[in-house]
Amino acid sequence: IRSDVGSQKACEVTMSVLREFLHATSCLRHVPSGAWQQQIAGSIISRWQDAISMHKNNNPFSKDELGFLSDKDKMRYEQGQWQFMYGTTLIAIIRTRTAFLGIQIGDGKCVTIDSNNQCLQPIPWDEDCFLNHTTSLCDSNAINKFRFVFQTDNLPIAAFIGTDGVDDSLGTDERLEDFYLRVWNLLQTDKKDAVHFIHDFLPDMSAKGSHDDIS
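Residues numbered from 1 in each chain as written. Predicted model: local features only at pLDDT ≥ 70, side-chain atom pairs only at ≥ 80, totals over all residues. Heavy atoms only, no water.

Visitor: Sorry if this is basic, but what is going on with the environment of isoleucine 113 here?
Guide: Residue placement: isoleucine 113 occurs in strand β3 (residues 109-113). Take isoleucine 113: its relative accessible area is 0%, and that puts it in the buried class. Setting aside residues no more than four positions away along its own chain, isoleucine 113 makes contact with Gln118, Cys119, Pro156, Ile157, Ala158, Phe160, Tyr180, Leu181 and Trp184. (Helix = DSSP H or I, 4+ residues; strand = E, 2+ residues; numbered from the N terminus. Buried < 20%, exposed > 50% of the residue type's maximum accessible area, 1.4 Å probe, protein only. Contact = heavy atoms within 4.5 Å.)

Take a look at the structure:
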């Protein structure tokens, strides 16, 4: 019901956490040993929970919002489990001169392009994401559902991240990668044309494809 707010807060806190990580690692030149992945995931989850708690306190759930809940979800809400109403997936990437970092929880895909114009999907897939089911920041075990990739060799020259509305609309990995290659080639020739293409194409893609929101 409030996943739009949940995703906005997730983006804000993730940007903050990753900026701090970049500063601490001198732009990924000195990545610390140990469980830094867990530290990133834990910080994102903790700050996200604080952010949505503040939003809920300032904006109590309305009767109309609660009316959308299924009987099962109403029971969860009455038991004090309301975080699922802000549930969201998350993908974030960093590319510096020396390294590439990708983090993800839930569905959607990250596609990178190398210097040979070859596409890769470097972030491991989560087998718990299938059909309309996905892992989410609101899950009780979310910290164990984050996936990471960290590279210092063969760094991508371009990277795209998109919600599952993109890959569901296109149907196959081959068509998804062809779409991103087309955008990448447009960006190299005419950035304005590329922006117009994306602006016009994404709503049409959703209408004819997944009928899902697309970012």
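Visitor: Is there a simple way to think about the packing of aromatic side chains in this case?
Guide: In this description, a pair of aromatic rings is defined by centroid distance and the angle of the planes. All told, the structure shown has 12 aromatic pairs when counted by the stated rule. Seen from their ring centres, tryptophan 36 and phenylalanine 150 are 5.8 Å apart, and the 70° between their planes marks the pair as edge-to-face. Note that tryptophan 36 is positioned in helix α2 (residues 36-58) and phenylalanine 150 in strand β5 (residues 147-151), a separation of 114 residues in sequence. Look at phenylalanine 150 and you get partly exposed, because its relative accessible area is 31%. Seen from their ring centres, phenylalanine 61 and tyrosine 86 are 6.1 Å apart, and the 55° between their planes marks the pair as tilted. Linking phenylalanine 61 in the loop between α2 and α3 (63-67) with tyrosine 86 in the loop between α4 (71-78) and β1 (90-95), this pair joins segments that are 25 residues apart in sequence. Taken as a pair, phenylalanine 61 and tyrosine 86 share a single burial class, namely buried. An aromatic cluster is built from Phe21, Trp36, Phe146, Phe148 and Phe150, whose rings are joined through pairwise contacts. The aromatic ring of tryptophan 82 is capped on one face by lysine 56, whose charged end is 4.8 Å from the ring centroid. (Phe/Tyr/Trp six-rings, centres within 6.5 Å; stacked < 30°, edge-to-face > 60°. Lys NZ or Arg CZ within 6 Å of the ring centre and 35° of its normal.)

Scope: geometric values only; no functional claims are made or implied.
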